[in-house]
Amino acid sequence: MTVRVGQAGLGNWGKNLARNFAELADLTWLCDADPAKRELAARYPQARWTDGFDEMLADPELEAVVIATPVPTHYSLAKQALGAGKHVFVEKPPAMRASEMEELVTLAEEHGLVLMPGHLLLYHPGVATVKELVDSGELGEIRYIYGNRQNLGVIRTNENALWSLGVHDLSVILHLVDEEPETVWAHGTSFLTPGVEDVVFCYLRFSSGKVAHMHLSWLDPHKMRRMTVVGSRKMVVFDDMELERKVTIYDKGEEPPGETYGEWRTRTGDIFSPKISNDEPLRLECTHFLELVRERSDGREAREGLVVVRALEHLQASLVAVPV
Ligand SMILES: NC(=O)c1ccc[n+]([C@@H]2O[C@H](COP(=O)([O-])OP(=O)(O)OC[C@H]3O[C@@H](n4cnc5c(N)ncnc54)[C@H](O)[C@@H]3O)[C@@H](O)[C@H]2O)c1
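A brief structural summary. As the structure is a prediction and not an experimental result, all values here were calculated from the model.

1. Digging into the overall build of the chain
Right, so step 1: Secondary structure summary: the chain contains nine helices and 14 strands in total.
Right, so step 2: The C-alpha atoms of the chain give 21 Å as radius of gyration, which agrees with the globular expectation for 324 residues (20 Å, within 12%).
Right, so step 3: Structurally, the chain occupies a C-alpha span of about 75 × 45 × 40 Å along its principal axes.
Right, so step 4: Out of the 324 residues belonging to the chain, those deemed buried represent 42%.
Right, so step 5: Considering only contacts within the chain whose residues lie at least 6 apart along the sequence, 63% involve residues at least 24 apart.

2. Here we look at the sheet that holds strand 1 (residues 4-8)
Right, so step 1: Across the sheet, which stays open at both edges, the six strands sit in the order 3-2-1-4-5-6 with parallel pairing between neighbours. Each of the sheet's edge strands pairs with one partner strand only, and the pair in question is strand 3 (48-50) and strand 6 (115-118). On average, each strand axis in the sheet is tilted by 20° relative to the strand beside it, whichever way the strands run.
Right, so step 2: One ladder, built from five bridges, connects strand 1 with strand 2 (residues 26-31); its direction is parallel. Its bridge partner lying in strand 2, Arg4 is registered against Asp26.
Right, so step 3: Most of the contacts of helix 1 (residues 14-24) go to strand 1, to which it runs at about 170°, and overall it touches strand 1, strand 2 and strand 4 (64-67).

3. Some remarks on the site of the ligand
Right, so step 1: Neighbouring residues of the ligand: 22 residues in total, closest Gly9, Gly11, Trp13, Asp34 and Glu91.
Right, so step 2: Here the shell around the ligand is composed, by residue class, of 10 nonpolar, seven polar and five charged.

4. Looking at the nonpolar core
Right, so step 1: Within the largest apolar cluster, 91 residues are counted, with the highest numbers of intra-cluster contacts made by Ile67, Val88 and Leu115.
Right, so step 2: Here this core takes 11 residues from helix 7 (residues 161-177), the largest share from any one element.
Right, so step 3: Here this core gathers at least three residues from each of two domains, domain 1 (4-118) and domain 2 (122-278).
Right, so step 4: Leave out the neighbours within four places in its chain, and Ile67 touches Ala8, Gly9, His74, Leu77, Ala78, Val88, Phe89, Val90 and Glu91.

5. Focus: the sheet that holds strand 9 (residues 199-206)
Right, so step 1: Strands sit in the order 8-9-10-7-11-12-13-14 across an open sheet of eight strands; the sheet is mixed. Two strands bound the open sheet, and with one partner strand each, they are strand 8 (181-189) and strand 14 (265-272). For this sheet the average axis-to-axis angle between neighbouring strands, irrespective of direction, equals 15°.

6. Considering the packing of helix 7 against helix 9 (residues 300-321)
Right, so step 1: Axis separation between helix 7 and helix 9 bottoms out at 10 Å; the angle between their running directions is 130°. Classified by the angle between their axes, helix 7 and helix 9 sit oblique to one another. Between helix 7 and helix 9 lies a crossing whose hand is right-handed. Contacts from Leu162, Trp163, Val167, Leu170, Ser171, Leu174 and His175 of helix 7 reach helix 9 at Glu304, Val307, Val308, Ala311, Leu312, Leu315, Gln316 and Leu319.
Right, so step 2: Across the contact of helix 7 with helix 9, the residue classes tally to 11 nonpolar, three polar and one charged.

Rules and cut-offs
- Residues numbered from 1 in each chain as written.
- Predicted model: local features only at pLDDT ≥ 70, side-chain atom pairs only at ≥ 80, totals over all residues.
- Helix = DSSP H or I, 4+ residues; strand = E, 2+ residues; numbered from the N terminus.
- Rg over C-alpha atoms; globule rule 2.2 N^0.38 Å.
- Buried ≥ 20, exposed ≤ 12 C-beta atoms within 10 Å, placed from the backbone.
- Contact = placed C-beta atoms within 7 Å.
- Pairing = 2+ DSSP bridges.
- Axes fitted to C-alpha atoms, helices over the stretch in contact; angles between N-to-C directions.
- Near = placed C-beta within 6 Å.
- Nonpolar A, V, L, I, M, F, W, Y, C, P; charged D, E, K, R; others polar.
- Core = buried A, V, L, I, M, F, W, Y, C linked by C-beta atoms within 7 Å.
- Domains from an automatic or database assignment.
- Parallel < 35°, antiparallel > 145°, perpendicular 65-115°, else oblique.
- Left-handed = near helix turned anticlockwise from the far one by under 90°.

Pasting the structure below:
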């Protein structure tokens, strides 16, 4: 059964979503507030064009809505779409406040609709491998996780590095740990645009004792897209800049204190890179959304999205509370 999909937002990222949904679903509507985007929409003659979101929602045949508009519009557009009885895929983050996201999650549950945030990295085969390693216990007990997301540019002026870059790593860390942080803390500095932090350092602590750290920046000499997970038995690195060795497992870890001297020792073993499929994460993400629409979701994706928005909100509060 092909799902009838309508998409709002045909900007830089929306183009990629439209390409995928045109191939995987019945793309029946394209909508953008900017009439100039009509030209791009013409690539998909099967889809009706509108610059009015309401007009698209009024189509009773439309089953699902994809929202790829700027972040401040996500909550109200998603709320309207759910209210109109449509399943919703909404780009990250789906809302800027936890209370708004809670409202969306409740609305979706009450109406039996799918609400899926666009946490792209969760569909990366490399991240899926890391999740399997964590869940299978192969790494031992997870001690800590840290993410590096640094580059020189793109310099944003309407959202800081936490909201622009951090949402990706945060979604992965929370997915791996499967716990809500009990303490969060963020420091950042606005070097270029007043009030917009270009460099942000975040710290999260979980009740299990695990901790996580994120270094986010668009003012950095390195282009890094890396996540390191340190377990008691093994350690693993997911590096999205690597072409072949996206995931590297280090058979390295701590050794219990020896009986004679009572000191901690370390152990160094093999280093191994499993094969990671080249499947496009965006393709897998769109496919997953359509599967949820067809088979009905248990709401896991929406609840994970709520945990991410809540953590973002707390990190942002900590960021502005700290004088720089
Ligand atoms: N998952 C990822 O890796 C990833 C990457 C880039 C962007 N994004 C997300 O995608 C979203 C869009 O980002 P972008 O870079 O494409 O932005 P963009 O500014 O290039 O495009 C946004 C488009 O939305 C349109 N729009 C604005 N308000 C609208 C409304 N009310 N109804 C219909 N159309 C409206 C604009 O005219 C514009 O064409 C953002 O939420 C961003 O966070 C995700």
